[in-house]
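Architecture at a glance
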Amino acid sequence: MRTILFHGPSGSGKDTQVELLVEKYGFENIGTGEMFRVMYKEADIESIKAYQYWSKGHFVPNELTYSMFERWIRKFDISKPWAFVSVVRDAGQIPLFDELLKKSERQLDAFVHFTLSEEMAIERMSLRKICPYCDATYHQKYRPESVSGYCDKCGTKLVQREDDQPEKIKLRLREYENTIVPIVEEYKRRGVLIEIDASPSIEEIHKQLITKLGL
Ligand SMILES: [Zn+2]
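Being a predicted model, the structure only gives us computed values, none of them experimental.

Calculation criteria
- Residues numbered from 1 in each chain as written.
- Predicted model: local features only at pLDDT ≥ 70, side-chain atom pairs only at ≥ 80, totals over all residues.
- Helix = DSSP H or I, 4+ residues; strand = E, 2+ residues; numbered from the N terminus.
- Rg over C-alpha atoms; globule rule 2.2 N^0.38 Å.
- Buried ≥ 20, exposed ≤ 12 C-beta atoms within 10 Å, placed from the backbone.
- Core = buried A, V, L, I, M, F, W, Y, C linked by C-beta atoms within 7 Å.
- Contact = placed C-beta atoms within 7 Å.
- Pairing = 2+ DSSP bridges.
- Axes fitted to C-alpha atoms, helices over the stretch in contact; angles between N-to-C directions.
- Expected span 1.5 Å × (residues − 1).
- Arc of directions from axis to C-beta.
- Parallel < 35°, antiparallel > 145°, perpendicular 65-115°, else oblique.
- Left-handed = near helix turned anticlockwise from the far one by under 90°.
- Nonpolar A, V, L, I, M, F, W, Y, C, P; charged D, E, K, R; others polar.

Details of the overall build of the chain
- Assigned secondary structure in the chain consists of 8 helices and 7 strands.
- Its C-alpha atoms give the chain a radius of gyration of 17 Å, near enough to 17 Å, the size a compact globule of 215 residues would have.
- Taken over the C-alpha atoms alone, the chain extends approximately 45 × 40 × 35 Å along its principal axes.
- In the chain, which comprises 215 residues, the proportion classed as buried is 28%.

Focus on the nonpolar core
- Grouped together as the largest cluster of nonpolar side chains are 36 residues, with contacts concentrated most on Leu5, Phe6, Phe69, Ala83, Phe84 and Val85.
- The contact partners of phenylalanine 6, leaving out residues within four places of it in the chain, are Lys14, Val18, Ala83, Phe84, Val85 and Val112.

Quick notes on unusual backbone geometry
- Within the chain, serine 86 stands out as a residue other than glycine whose phi angle is a positive 55°.
- Of note, serine 86 is situated in the loop between β3 (82-85) and α5 (94-103).
- The phi torsion at glutamate 105 lies on the positive side, around 55°, for a residue other than glycine.
- Looking at the element boundaries, glutamate 105 is found in the loop between α5 and β4 (110-115).
- The exposed category is assigned to glutamate 105, around which 8 C-beta atoms lie within 10 Å.

Notes on the sheet that holds strand β7 (residues 193-197)
- One open sheet accounts for 5 strands, arranged β2-β3-β1-β4-β7; its pairing is parallel. A strand with exactly one partner marks an edge of an open sheet, and here the two such strands are β2 (28-31) and β7. In this sheet, adjacent strand axes meet at a mean angle of 25° when their direction is disregarded.
- Pairing between β2 and β3: 4 bridges, direction parallel. Each residue of the ladder has a partner; that of glycine 31, found in β3, is valine 85.
- Across the sheet, helix α8 (residues 202-213) is in contact with β1 (3-7), β4 and β7; its angle to β7 comes to roughly 160°.

Here we look at the pairing of β1
- Burial within β1 is extensive, with 4 of its 5 residues counted as buried.
- Where β1 lies against β3, 4 bridges are found, and the strand directions are parallel. The residue of β3 that forms the bridge with threonine 3 is tryptophan 82.
- Here β1 pairs with β4 via 4 bridges, running parallel. What sits directly across from phenylalanine 6, in β4, is valine 112.

Section: the environment of leucine 127
- As for its position among the elements, leucine 127 is in the loop between α6 (118-126) and β5 (128-130).
- Leucine 127 sits in the partly exposed class, given 16 other C-beta atoms within 10 Å.
- Note: C-alpha distance between leucine 127 and histidine 139 (12 residues apart in sequence) is 5.7 Å.

What to know about helix α1 (residues 14-25)
- With 12 residues, α1 extends 16 Å between its outermost C-alpha atoms, agreeing within 8% with the 16 Å of an ideal straight helix rising 1.5 Å per residue.
- Considered for burial, the residues of α1 that qualify are Lys14, Asp15, Gln17, Val18 and Leu21. Mapping the buried residues of α1 onto a view down its axis gives an arc of 160°, with all of them on the same face. Along α1, exposed side chains directed more than 90 degrees from the buried face belong to Glu23 and Lys24.

Side note on the packing of helix α2 (residues 32-41) against helix α3 (residues 45-54)
- Between α2 and α3, the least distance of the axes is 9 Å, while the angle of their chain directions is 130°. Viewed along their axes, α2 and α3 adopt a mutual orientation that is oblique. With respect to the hand of their crossing, α2 and α3 are arranged in left-handed fashion. From α2, Phe36, Met39 and Tyr40 reach across to α3, where they touch Ser47, Ile48, Ala50, Tyr51 and Trp54.
- Here the contact of α2 with α3 is composed, by residue class, of 7 nonpolar, 1 polar and no charged.

Everything listed here is a matter of geometry and, on its own, says nothing about what the molecule does.
Dropping the structure here:
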């Protein structure tokens, strides 16, 4: 079964792209961001430790993340294609991710990296809102909700994520730049790197993506 790892700075629209693959091609969307939020709501003990980091815009230690991830991954259907989103956030997580895939009897087919300028990333994120109840994401310009300020799926009032405040965006982008280079190099060396320019429209990026993935 197809197994793809997606990465890109916040604001590159990678979550929207993966959602399209879920809707059109039946992918499972597997991400540590959702894992941290959902497991925290469930009051999982390790997730409470992890919250101390991610709530401040810091990275959660690799061992802690992957200890949670091994349990989280069991929720997903092994007969479907898997889309991992931003689960390798530093080079030290590459062997942990390799190990996780091995245990799941899967092989990585592609590492898709979305690229975007810092200015555009900030502009995009400041217009983003999420549903605190079901985690759906909306964007004033690219993916607006039907009734302004309320979730299409469940009607809950939308909020701006704590992570999407300007100071936290800048901190995250800086950390991102520092950590992505060795990751991109490693997957390039393995011959699975696909780079996609994330500045065009959602539809154009989607077209590029399905062409390059051969879907
Ligand atoms: Zn909702």
